[in-house]
Amino acid sequence: MPLVPIPERGADAFRWLRAPGETLGFTLLNGDREVARLAWRRRGGSFATAETVGGRFTLKREGFLSPRLSLRAEGASEALARLTPHLKYHALDLSRGRSFRFHRESLLLPAWSLTAPDGAERLHIEPVAEGRKLAGGAAIAKDPYDPDELALLLVFTWYFIVLAWFEDEAVEALTPLEGPDAPRALGDR
């Protein structure tokens, strides 16, 4: 099914859904129209590819002590966007000079906001879980927006959310069980 562009008006609600038959892929829908795809090559890795009507892109985590995420046009050496984590927010910078802050709404609510430098919310995203598994999410874009820029922002912010979710799942799997089902220490037998 070919991707369609995000319309300039009236495209404020989007849904991310797990791609059919994919454990590591998502599709972005505006109504019943598919506007983007995002997929990881392997579980546990940070390298992903995305596709919109604007082209194909690669996304990955870079750096060790000072990690950041990048989004590039496929085959390009320069990043179109970078996300740098900070303690209270994450800085999302586009190569065209626009900057945003990306942050969680609160510790109890898994919703995320992308705000402009003036503090105005440009994008609101709420992940949806089935048990502990990330099933998809809903995104609301605030008018006005450039459709091509919005497509990149939707893909890049969702990439960050999914990557963080996968890492949280991995940490939870390593956390020992507590209570009557917990494995017993050798000395407790």
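Preceding block: the structure.
Residues numbered from 1 in each chain as written. Predicted model: local features only at pLDDT ≥ 70, side-chain atom pairs only at ≥ 80, totals over all residues. Heavy atoms only, no water.

### As for the packing of aromatic side chains
Working step 1: Tallied over the entire structure, the rule returns seven aromatic pairs.
Working step 2: For the ring pair Trp16 and Trp158, a centre distance of 5.6 Å and an interplane angle of 5° mean the geometry is stacked. With Trp16 in strand β1 (residues 13-18) and Trp158 in helix α1 (residues 147-174), the pair connects residues that are 142 residues apart, well separated along the chain.
Working step 3: Looking at Trp158, the relative accessible area reads 0%, which means it is buried.
Working step 4: Between the aromatic rings of Phe102 and Phe160, the centroid separation amounts to 5.7 Å while the plane-to-plane angle is 80°, which identifies the pairing as edge-to-face. With Phe102 in strand β9 (residues 99-104) and Phe160 in helix α1, this residue pair connects regions lying 58 residues apart in the sequence.
Working step 5: Aromatic ring contacts, followed pair by pair, group Trp16, Phe26 and Trp158 into a single cluster. (Phe/Tyr/Trp six-rings, centres within 6.5 Å; stacked < 30°, edge-to-face > 60°. Helix = DSSP H or I, 4+ residues; strand = E, 2+ residues; numbered from the N terminus. Buried < 20%, exposed > 50% of the residue type's maximum accessible area, 1.4 Å probe, protein only.)

### Digging into the sheet that holds strand β11 (residues 121-130)
Working step 1: If you walk around this closed barrel you meet the 12 strands as β1-β2-β3-β4-β5-β6-β7-β8-β9-β10-β11-β12, and the pairing is antiparallel. Recorded for the sheet is a direction-independent mean angle of 20° between the axes of neighbouring strands.
Working step 2: Judged from the eight bridges that link them, β11 and strand β12 (residues 133-141) form a sheet pairing that is antiparallel. Within the sheet, the bridge partner assigned to Ile125 lies in β12 and is Ala139. (Pairing = 2+ DSSP bridges. Axes fitted to C-alpha atoms, helices over the stretch in contact; angles between N-to-C directions.)

### A closer look at the nonpolar core
Working step 1: With 45 residues, the main nonpolar core has Leu38 and Trp40 as its most contacted residues.
Working step 2: When residues in this core are grouped by element, the largest group, 15 residues, is from α1.
Working step 3: Beyond its immediate sequence surroundings of up to four residues, Leu38 is in contact with Trp16, Leu24, Gly25, Phe26, Ala48, Thr49, Ala50, Leu59, Val155, Trp158 and Tyr159. (Core = buried A, V, L, I, M, F, W, Y, C linked by side-chain atoms within 4.5 Å. Contact = heavy atoms within 4.5 Å.)

### With respect to the pairing of strand β10 (residues 112-115)
Working step 1: With burial as the criterion, each face of β10 is covered, one bearing Trp112 and Leu114 and the other bearing Ser113 and Thr115.
Working step 2: With four bridges joining them, β9 and β10 adopt antiparallel strand pairing. The residue of β10 that forms the bridge with His103 is Ser113.
Working step 3: Linking β10 to β11, which pair antiparallel, is a turn of five residues; within it Gly119 sits at a positive phi near 90°.

Just distances and angles here, no functional claims.
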